[in-house]
Amino acid sequence: MPPRDGGNDTRPGQQRLDRELVLLFMIFDEAKGEERGLMHGINGFIFGNLPLPLLTNGEQVRWYVLGMGNEKDIHTAHWHGKTLRVSGRHTDVIEVFPGSMVTADMTADNPGTWLLHCHVADHLNAGMVATYTIR
Ligand SMILES: [Cu+2]
């Protein structure tokens, strides 16, 4: 049986997985080019409204982090409260480019409600922020 913490092996099928979640970081233009119409969303949700499921303390979560859009969609997905395993490194920030995907594994073992947001300051201020909860 694989170790509960999953180790560093992020290859699919190489460790126990309890949950898979997808996050799309993308700016949506809702006002045909006006700056105020640019919605900086995660899965289309802005300002903390992304409805992520509750995570159970200790479960293994695989996050699929996607980018789409254009040259403005250079994002830095950042988790508070936990680090993730990506390609053999431990990090709490993932670079997301348009048309790209990164797979990251988390052992959700730090109970609390934590921020999950883009670290580009303008994007964060424009709504690219969510929360996730471990309990
Ligand atoms: Cu961003």
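Residues numbered from 1 in each chain as written. Predicted model: local features only at pLDDT ≥ 70, side-chain atom pairs only at ≥ 80, totals over all residues. Heavy atoms only, no water.

So, the coordination of the copper ion
Put simply, the rule is: Donor selection uses N, O and S atoms within 2.8 Å of the metal (3.2 Å for Na, K and Ca). Since no water is included, sites may look incomplete. Under the DSSP-based scheme used, a helix requires at least four consecutive residues in state H or I and a strand at least two consecutive residues in state E, with every element numbered from the N terminus. Buried, partly exposed and exposed residues are distinguished by accessible area as a fraction of the type maximum, computed with a 1.4 Å probe on protein chains only: under 20%, between the cut-offs, and over 50%, respectively.
For the copper ion, the full set of protein donor atoms is His75 (ND1), Cys118 (SG) and His123 (ND1), at a range of 1.9 to 2.1 Å. All donors of the copper ion belong to a single chain; written as a sequence motif, their spacing is H-x42-C-x4-H. With a gap of 43 residues between them, histidine 75 in strand 4 (residues 75-79) and cysteine 118 in strand 9 (residues 112-118) connect regions that are remote in the sequence. A residue is classified by how much of its surface remains accessible, and histidine 75, at 1% relative accessible area, is buried. Overall, the relative accessible area of 0% leaves cysteine 118 in the buried class.

Let's talk about the pairing of strand 10 (residues 129-134)
Defined as follows: In this analysis, strands are considered paired if DSSP registers two or more bridges between them.
For strand 10, a buried count of 5 out of 6 residues is recorded, marking the element as mostly surrounded by other parts of the structure. For strand 9 and strand 10, the ladder comprises 6 bridges, and the chain directions are antiparallel. Directly across from histidine 117, in strand 10, lies its bridge partner valine 129.

Points about the environment of histidine 119
Formally: Contacts between residues were defined by any pair of non-hydrogen atoms, one from each residue, lying within 4.5 Å.
Examined against the element boundaries, histidine 119 turns out to sit in the loop between strand 9 and helix 1 (121-125). As for histidine 119 and valine 129, which are separated by 10 residues in sequence, their C-alpha atoms are 9.2 Å apart. The residues contacting histidine 119, other than those within four sequence positions of it, are Thr76 and His78.

Thoughts on the pairing of strand 3 (residues 59-67)
Within strand 3, 7 of the 9 residues are buried, which leaves it mostly tucked inside the rest of the structure. Alignment of strand 1 (residues 19-29) against strand 3, held across 7 bridges, turns out to be parallel. Residue pairing for strand 3: leucine 23 is matched across the bridge by valine 65. Pairing geometry for strand 3 and strand 8 (residues 100-108), over 9 bridges, is antiparallel. Looking at strand 8, one finds that leucine 66 is bridged to methionine 101.

Distances and angles like these do not, on their own, reveal function.
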